[in-house]
Amino acid sequence: MMDIWTKLQENHSAAEGRRIISLFDDPQRFDRFSVEADGLLLDFSKTSIDRAALDLLLELAEVRNVAGKRDAMFRGERINRSEDRAVLHTALRAGDDEPLVVDGEDARPGIRKTLQAMEDFADGIRSGRIATAGGGAFTDVVNIGIGGSDLGPVMAVRALSPYHNGPRCHFVSNVDGAQISDTLQKLDPRSTLVIIASKTFTTIETMTNAETAISWLKNALGSKAVSHLAAVSTALDKTAGMGISPERVFGFADWVGGRYSLWGPVGLPIMLAIGAAEFRNFLAGAWAMDTHFLTAPPDRNMPLLMGLVGIWHRNICRYPTRAILPYDQRLAKLPAYLQQLDMESNGKCVSNRGTTLERSSGPVVWGEAGTNGQHAFYQLLHQGTEIIPAEFLVASRSHEPSLREHHDLLKANCLAQSEALMLGRTLEQALEIAAALGYTGEERRVQAAYRTFPGNRPSMTLAYPLLTPYSLGQIIALYEHRVFVEGAIWGINSFDQWGVELGKELASALVPMIKGASSEGKDPSTIALIRKLSA
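**Notes on the sheet that holds strand S13 (residues 459–464)**
Pairing between the strands of a sheet comes from backbone hydrogen bonds, and it takes one of two forms, parallel or antiparallel.
For step 1, the next point in the chain: Across the sheet, six strands lie side by side as S1-S2-S13-S12-S10-S11; this open sheet has mixed pairing. Taken across any chain shown, the strands that pair with only one partner, and hence form the sheet edges, are strand S1 (34–37) and strand S11 (364–367). On average, adjacent strands in this sheet sit at an angle of 15° to one another, irrespective of strand direction.
For step 2, the next point in the chain: Relative to strand S12 (residues 390–395), strand S10 (residues 321–327) runs parallel, the two sharing five bridges. Residue Leu325 lies in a different strand from S12, and its bridge partner there is Phe392.
For step 3, the next point in the chain: Helix-sheet contacts for helix H15 (residues 404–423) involve S10, S12 and S13, and the interaxial angle to S12 is about 160°.

Pasting the structure below:
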């Protein structure tokens, strides 16, 4: 019997050369190839997936037991096999009445206690009840982290700038001294709170930056510098050794992975910026998407369908990358955030069983905010030799009603790009344009060739009413579950990241060599580079 992958490939091959626009001969295509969930609309009608292919993809999800794996995750089973851990970041945003048992214990009291402690601390900083060493209010917060302890908070803080009514938030992640130097020199240590975000308090980039920030505080405040510190960590011995009060240390369980951690203590800068009530709206939006993922039927399930489109593009069409294109300047950091979420989760060649994968997994994820990208890399999207599926995000309304003309133009550009990618421009149309410009003969043909666009390039559009804490929560949770769906179909563990570890180990060994120790045992290229960089 023909397997499902072969059927999908045959469907794709049989439709080779078919134009996406021809699929709209079905007057119901948009309704059948879009789905709504609590104000969000996902349109995937501008892809090459037809009804037969969609049915096969839904069958693939059933064969690969995506629903069963999803339910196991939400039940708290140890689906992170390589680290023998549950995967329960969703618990950080679940409703209070949701049962949650992990290793025989109810995890809800601990989650509620941590959230309440975060709220008490954030309210204290925001209101001035928790004062600086000099008795004043904190005006600025510097969050020091890297990876999941940085990308999520910095993305969300920037996205929610219309809701900021707390201290200004700044972020340092790169061990390059330029970033922390540029950040601190603009601030007053007497009114700055430093949050050190590292679960183990051993991440070398974070701890190096933390030492620099603490020295900066001590130069101004002396022994009182510790009153300007807080930590997101489970290493209470190490935070205590730094003098940080236990009341200012916020930990989270090992069943919350770094790139999924902004819903808890790692999200403290978000709460400091927008307040506890709006942070709870952020959590509520994510939980609404969780509930939809758990309960919606497969053919109307937004994360499942988004994941299946990803599988179609990666494995059946064999497109190696995907572009994330938010037409929302406040989501400018979303492509980088999703790059980590997707590529660190599914950038793997080994299955959950420890065997080599039979087919390609995670694509390269990249992007930029529109309309900036249109004047940078969209040339390649439209006329490049490789097809790159595009994923557009756009809001119906903006937070600047007095600048409606701006937002109308933004929306028009977003819709025009997805339309242009699908329709392209034929040689005949380009010849007419060239003639209108006065070109004749061979030069007309050449000029027309420049202006011809192949089109038939797929895209999806995610539309939402307004970028709010609630809708941002929905969007992030949607992409989290999309990553889960794709990983479940590929049969990989989307919740470990062993590929990150090797570089860390080698870097630790290289530090003494950079400082002059023997580089014996290293390869000739690395030895030569050490000498060059140490000169």
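The discussion continues.
**Some words on the packing of aromatic side chains**
For step 1, the next point in the chain: Inspection of the entire model under this criterion finds ten aromatic pairs.
For step 2, the next point in the chain: With a centroid separation of 4.7 Å and 25° between ring planes, the pair formed by Trp263 and Phe282 is classed as stacked. Here Trp263, found in the loop between strand S9 (249–250) and helix H10 (268–274), pairs with Phe282, found in helix H11 (residues 276–295); they are 19 residues apart in sequence, far enough to count as distant.
For step 3, the next point in the chain: With centroids separated by 5.8 Å and ring planes inclined at 55°, the aromatic side chains of Phe279 and Phe282 adopt a geometry described as tilted. Remark: Phe282 and Phe279 occur in helix H11; sequence separation between them is three residues, near one turn of the helix.
For step 4, the next point in the chain: Residue classification places Phe282 among the buried residues on the basis of a relative accessible area of 0%.
For step 5, the next point in the chain: One aromatic cluster is present, built from ring pairs that chain together Tyr260, Phe293, Phe484 and Phe495.
For step 6, the next point in the chain: Cation over ring: Arg93 sits above Trp263, and NZ or CZ is 4.6 Å from the ring centre.
For step 7, the next point in the chain: The cationic tip of Arg359 hangs over the ring face of Trp5; the distance from NZ or CZ to the ring centre is 4.0 Å.

**Comments concerning empty space enclosed by the protein**
Empty space among the atoms becomes apparent when a probe as large as a water molecule is rolled across them.
For step 1, the next point in the chain: For the coordinates displayed, the defined rule picks out two cavities of 30 Å³ or more.
For step 2, the next point in the chain: Considering only enclosed or pocket space, the largest cavity measures out at about 60 Å³ in volume.
For step 3, the next point in the chain: Around the largest cavity, the lining residues are Gly310, His313, Arg314, Tyr319, Thr321, Arg322, Pro363, Pro389, Glu391 and Arg482.
For step 4, the next point in the chain: The set of elements that each furnish at least two residues to the lining of the largest cavity consists of helix H12 (302–316) and S10.

**What about the side chain of Ser418?**
For step 1, the next point in the chain: Residue placement: Ser418 occurs in helix H15.
For step 2, the next point in the chain: Taking the relative accessible area as the measure of exposure, Ser418 reaches 1% and is therefore buried.
For step 3, the next point in the chain: A distance of 3.1 Å separates a polar side-chain atom of Ser418 from the backbone oxygen of Leu415.
For step 4, the next point in the chain: Setting aside chain neighbours within four positions, we find Ser418 in contact with Lys46, Phe392, Ser459 and Thr461.

**As for the pairing of strand S8 (residues 229–232)**
For step 1, the next point in the chain: Residue alternation in S8 divides its side chains into two sets, Leu229 and Ala231 and Ala230 and Val232, and both sets are buried.
For step 2, the next point in the chain: As paired elements, strand S7 (residues 192–197) and S8 share four bridges and run parallel to each other. Across the sheet, Ala197 pairs through a bridge with Val232, a residue of S8.
For step 3, the next point in the chain: Note: S8 against S9, two bridges, orientation parallel. Paired with Val232 across the two strands is Phe250, which belongs to S9.
For step 4, the next point in the chain: Taken together, S8, helix H9 (residues 236–241) and S9 constitute a β-α-β crossover, and its handedness is right-handed.

**Looking at the sheet that holds S7**
For step 1, the next point in the chain: Taken in spatial order, the five strands make up an open sheet running S6-S5-S7-S8-S9, and their pairing is parallel. Two strands lie at the open edges of the sheet, namely strand S6 (168–172) and S9, each paired on one side alone.
For step 2, the next point in the chain: Strand direction decides the pairing type here: strand S5 (residues 140–144) and S6, joined by five bridges, are parallel. Paired with Asn143 across the two strands is Phe171, which belongs to S6.

**Structural notes on the layout of surface pockets**
For step 1, the next point in the chain: In this structure, the largest pocket occupies an estimated 930 Å³ of space.
For step 2, the next point in the chain: Surrounding the largest pocket, 36 residues form its lining, Thr203, Gly258, Gln497, Glu501 and Lys504 being those nearest its centre.
For step 3, the next point in the chain: For the lining of the largest pocket, the secondary structure elements donating two or more residues are helix H8 (204–221), helix H13 (334–346) and helix H19 (498–514).
For step 4, the next point in the chain: At five residues, the largest contribution of residues to the lining of the largest pocket is made by H19.
For step 5, the next point in the chain: Residue classes in the lining of the largest pocket are distributed as twelve nonpolar, 15 polar and nine charged.

**A short note on unusual backbone geometry**
Excluding glycine, most residues fall at negative phi; most peptide bonds, likewise, are trans.
For step 1, the next point in the chain: With an omega of 10°, the peptide bond running from Gly370 to Thr371 counts as cis.
For step 2, the next point in the chain: In this fold, Thr371 is placed in the loop between S11 and helix H14 (378–383).
For step 3, the next point in the chain: Non-glycine residue Asp38 carries a positive phi angle of around 55°.
For step 4, the next point in the chain: Topologically, Asp38 is positioned in the loop between S1 and strand S2 (40–43).

About the cut-offs
One numbering rule holds for all chains: residues counted from 1, following each sequence as written. Where local features are concerned, this predicted model is filtered to residues with pLDDT of at least 70; where side-chain atom pairs are given and counted, the filter is 80 or more; whole-chain, interface and lining totals use all residues. Only hydrogens and water are set aside; all other atoms, that is, all heavy atoms of the structure, feed into the side-chain values. Strand pairing is assigned whenever DSSP detects at least two bridges linking the two strands. The numbering of helices and of strands both runs from the N terminus, where a helix is a DSSP run of H or I of at least 4 residues and a strand a run of E of at least 2. For helices, the fitted line uses only the C-alpha atoms of the stretch in contact; every axis is such a line through C-alpha atoms, and the angle between N-to-C directions lies from 0 to 180 degrees. Contacts are assigned to residue pairs with any non-hydrogen atoms lying within 4.5 Å of each other. Side-chain rings of Phe, Tyr and Trp (the six-membered ring for Trp) are treated as a pair once their centres are within 6.5 Å; stacked means planes under 30 degrees apart, edge-to-face means over 60, and tilted covers the remaining angles. Between buried and exposed lies partly exposed: a residue is buried under 20% and exposed over 50% of the maximum accessible area for its type, with that area taken using a 1.4 Å probe on protein chains only. Working rule: Lys NZ or Arg CZ, within 6 Å of ring centre, within 35 degrees of ring normal, means a charge sits over the ring. In this analysis a 1.4 Å probe is tested at points of a 1 Å grid over the protein atoms alone, and where it fits but cannot get out there is a cavity; an open set with protein on both sides within 12 Å along at least five of seven lines is a pocket; lining residues have an atom within 4 Å of a point. Grid points are joined across faces, edges and corners, and a volume is the space filled by probe spheres set on the points. Two N or O atoms form a polar contact when they lie within 3.5 Å of each other; inside protein one atom must be a possible hydrogen donor and the other a possible acceptor, and for residues adjacent in sequence the pair counts only when both atoms belong to side chains. By convention a crossover is right-handed if, when the strands point away from the viewer, the path from the first strand over the helix to the second runs clockwise. Here the term charged refers only to Asp, Glu, Lys and Arg, the term nonpolar to Ala, Val, Leu, Ile, Met, Phe, Trp, Tyr, Cys and Pro, and the term polar to all other amino acids, Gly among them.

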